[in-house]
Amino acid sequence: MKVLVIGGGAREHALCRALSHDPDVTALYCAPGNAGIADVAELHPVDQLDGDAVAGLAARLEADLVVVGPEAPLVAGVADAVRARGIDCFGPSREAARLEGSKAFAKDVMAAAGVPTARSYVCTTPEEAEEALDAFGAPYVVKDDGLAAGKGVVVTSDLEAARAHAASCERVVVEEYLDGPEVSLFAVTDGTTVVPLQPAQDFKRAGDGDTGPNTGGMGAYSPLPWADPKLVDEVLRTVLQPTVDELRRRGTPFSGLLYAGLAITSRGVRVIEFNARFGDPETQVVLARLKTPLAGLLRAAATGRLAEIEPLRWSDGAAVTVVVASHNYPGTPRTGDAVEGLEEVAEKDEHAFVLHAGTRLDDSGRVVSAGGRVLSVTATGADLAEARERAYRAVARVRLEGSHHRTDIARAAAEQAAAEKG
């Protein structure tokens, strides 16, 4: 089949890399893509938020399947426009994508479906926000109701900071703080059948030890050796399937990738948030471990045939990804700096690879930074310790002036796993 991927970040590079390894994919396109994706897919310019433009491009390329990567095009209804042209599309409709586009809508769906989540208030005035902050107390959790590129959430013990974030949002969700480790679990669904992938954990804070400002994600790993082996089955039963069933009951079936951000609290699993697409940087490690060909899985979801597929196959090993970010990220990033050492990684690191997030080619053909998160350096290994060591060895080869990365991605999990092995 011919596949068109929409987007231009590391998530889309991970998707394109996996699709390029699928023998059923005869042609692979990406729009708009980036400097790294150009190595595995043919790039085309497009306005990602213009459904007609995306559908027109897919038709011209005679694509059999369109995969919409980022959340903004999904919330804008791009998948609807593609399907209206009679082209299979992996990604939820505009209505179903409200699960990510509106925190308040997601809370309403969860309440109707009986999905365990944090208690919350939806606030539209400073007075309502003040009452909610007072009701829950510190630490305060304040979420912009709309899309905020992974940076619309403030978790703080500083009441003034919580008030300021609430005031900056038109509509805000204030909720109780959930204790315990966080887990990301993706599931592919056709609106009826739900197929969970393997869980991952990401790192949101910019600095080691979970210090510094919130980011879109500084790294991730999979699997989670500390998690209950029954976790995926439990989340499928109590969270994923009930949510998909409720959306279908409402007449807005969710077809695509349902992402559950979870807290494993002292009182059980709770949903922190839903996303309507693959998460970044967790996609990088989850797809690195998936052995089942990706194109057939995504097309089965897009065509309502997910119940017919074989059980997913996974590698026994582990994967770790480390994000290399540009100077000043997550503030206004510096761009245009040369990215060097990529060929060295390709030549010397058999089990590591670099996924491009914010890159472009300059006029002389050099790879330069073009965003805040520039690269996701990813590696696989027999266990987390080996995957981690390989990832950081590859990171050390990459040169980007002023860049920064965390040095502790997956360290605690790897140490815990090693200690339990004895």
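Whatever comes next refers back to the structure up there.
Read on for an overview of the structure. Here, residues in each chain are numbered from 1, in the same order as that chain's written sequence. Local features in this predicted model are restricted to residues whose pLDDT is 70 or higher, and side-chain atom pairs enter the listing and the counts only when it is 80 or higher, whereas totals over whole chains, interfaces and linings include all residues. To get the side-chain values, all heavy atoms of the structure are used, and hydrogens and water are removed first.

A word on the overall build of the chain. Across its full length, the chain carries 14 helices and 22 strands. This radius of gyration counts C-alpha atoms alone. The globule rule is 2.2 Å times how many residues there are, raised to the power 0.38. For the chain, the C-alpha radius of gyration of 21 Å lies close to 22 Å, the compact-globule estimate for 422 residues. With 422 residues in all, the chain has 56% of them scored as buried. Sequence separation of at least 24 residues holds for 68% of the intrachain contacts in the chain that already meet a minimum separation of 6. Of the roughly 17,100 Å² that the chain leaves accessible, carbon and sulfur atoms contribute 47%. Averaging the coordinates of the 43 positive side-chain charges in the chain and doing the same for the 61 negative ones gives two points 2 Å apart. Note on conventions: DSSP H or I runs of at least 4 residues are helices, E runs of at least 2 residues are strands, and numbering of each starts at the N terminus. The buried label applies to any residue whose accessible area, calculated with a 1.4 Å probe on protein chains only, is under 20% of its type's maximum; exposed applies above 50%, and partly exposed to all values in between. Pairs of residues are marked as contacts when any of their non-hydrogen atoms sit within 4.5 Å. Here the open area of atoms and residues is found with the Shrake-Rupley method and a 1.4 Å probe, where only the protein chains shown may cover a residue. We treat Lys and Arg as the positive residues and Asp and Glu as the negative residues; His and chain ends play no part in the count. Where a charge lies is defined by one atom per residue type, namely NZ (Lys), CZ (Arg), CG (Asp) and CD (Glu).

Being paired, for any two strands, means DSSP has found at least two bridges between them. Read from one edge to the other, the open sheet built from four strands follows the order 11-10-16-17, with strand pairing classed as antiparallel. The outermost strands of the open sheet, each flanked by one partner alone, are strand 11 (194-196) and strand 17 (268-275). Neighbour-to-neighbour, the strand axes of this sheet turn through a mean angle of 35 degrees, independent of strand direction. Sheet analysis places strand 10 (residues 182-189) next to strand 11, joined by three bridges and oriented antiparallel. Bridge assignment links Val 188 to a residue of strand 11, and that residue is Val 195. For helices, the fitted axis covers only the stretch in contact; all axes are lines through C-alpha atoms, and the angles between them, taken along N-to-C directions, range from 0 to 180 degrees.

Let us look at a negative patch on the surface. Grouping into patches uses exposed residues only, defined as over 30% relative accessible area, and leaves out salt-bridged ones; the cut-off is 9 Å for like charges and 5 Å for nonpolar side chains (Val, Leu, Ile, Met, Phe, Trp, Tyr). For this document, the term salt bridge refers to a Lys or Arg side-chain nitrogen within 4 Å of an Asp or Glu carboxyl oxygen. Side chains of Glu 127, Glu 128, Glu 131 and Asp 134 sit close together on the surface and give a patch of like negative charge. Here Glu 131 shows up in helix 7 (residues 126-136).

Let us look at the environment of Ala 220. The residue Ala 220 is located in strand 15 (residues 219-222) in this model. For the pair formed by Ala 220 and Thr 359, sequence separation is 139 residues and the distance between their alpha carbons is 20 Å. Each residue touching Ala 220, except ones within four places of it in the same chain, is listed here: Gln 201, Asp 202, Phe 203, Pro 281, Glu 282, Val 285, Ala 319, Val 320, Thr 321 and Ile 409.

Looking down a regular strand, the side chains alternate between one sheet face and the other. In terms of burial, strand 22 (residues 373-381) is a largely internal element, eight of the nine residues being buried. In the sheet, strand 18 (residues 318-325) pairs with strand 22 via eight bridges, with the strands oriented antiparallel. Looking across to strand 22, one finds that Val 323 is bridged to Ser 376. The pairing of strand 19 (residues 352-356) with strand 22 spans five bridges and is classified as antiparallel. What sits directly across from Val 354, in strand 22, is Val 377.

The criterion is simple. A nonpolar core is a set of buried Ala, Val, Leu, Ile, Met, Phe, Trp, Tyr and Cys residues joined through side-chain atoms within 4.5 Å. By size, the foremost hydrophobic cluster in this structure holds 78 residues, and its most contacted members are Leu 4, Val 66, Leu 99, Leu 240 and Val 320. The element best represented in this core is helix 9 (residues 231-249), accounting for seven residues. Discounting residues that sit within four places of it in the chain, Val 66 has contacts with Leu 4, Ile 6, Ala 58, Val 82, Ile 87, Asp 88, Cys 89 and Phe 90. Val 3, Phe 90, Phe 186 and Ala 357 belong to the second-largest nonpolar core, a separate cluster that totals 44 residues.

Here we take up the sheet that holds strand 5 (residues 88-90). The strand order across the open sheet built from five strands is 3-2-1-4-5, with neighbouring strands paired in parallel fashion. The open sheet has two free edges, formed respectively by strand 3 (42-43) and strand 5, since each of these has just one partner strand. As judged from the four bridges shared by strand 1 (residues 2-7) and strand 4 (residues 65-68), these two strands associate in the parallel manner. Looking across to strand 4, one finds that Val 5 is bridged to Val 67. Each of strand 1, strand 2 (27-32) and strand 4 is contacted by helix 2 (residues 51-60), which is oriented at about 155 degrees to strand 1, the strand it contacts most.

Relative orientation and spacing of two packed helices are given, respectively, by the angle between their axes and the distance between those axes. Close contact between helix 7 and helix 8 (residues 159-167) brings their axes to 10 Å; oriented N to C, the two are set at 145 degrees. Crossing of helix 7 over helix 8 shows right-handed handedness. Facing helix 7, whose interface residues are Ala 129, Glu 130 and Leu 133, helix 8 presents Leu 159, Ala 162, Arg 163 and Ala 166. Looking at the contact of helix 7 with helix 8, its residues break down into five nonpolar, no polar and two charged. Left-handed describes a crossing whose near helix is turned anticlockwise from the far helix by less than a right angle; the clockwise case is right-handed. Each residue gets one label: Ala, Val, Leu, Ile, Met, Phe, Trp, Tyr, Cys and Pro are nonpolar, Asp, Glu, Lys and Arg are charged, and the others, such as Gly, are polar.

For the peptide bond that leads from Ala 138 to Pro 139, omega is -10 degrees, which places it in the cis range. Within the secondary structure, Pro 139 sits in the loop between helix 7 and strand 7 (140-144). That bond from Tyr 329 to Pro 330 is cis: its omega, 10 degrees, falls within 30 degrees of zero. Looking at the element boundaries, Pro 330 is found in the loop between strand 18 and helix 12 (342-348). For Asp 210, which is not glycine, the phi torsion reads 55 degrees and is therefore positive. Structurally, Asp 210 is set in the loop between strand 13 (205-207) and strand 14 (211-214). Relative accessible area serves as the criterion here: at 48%, Asp 210 is assigned to the partly exposed category. Even without being glycine, Asn 328 reaches a positive phi, approximately 85 degrees.

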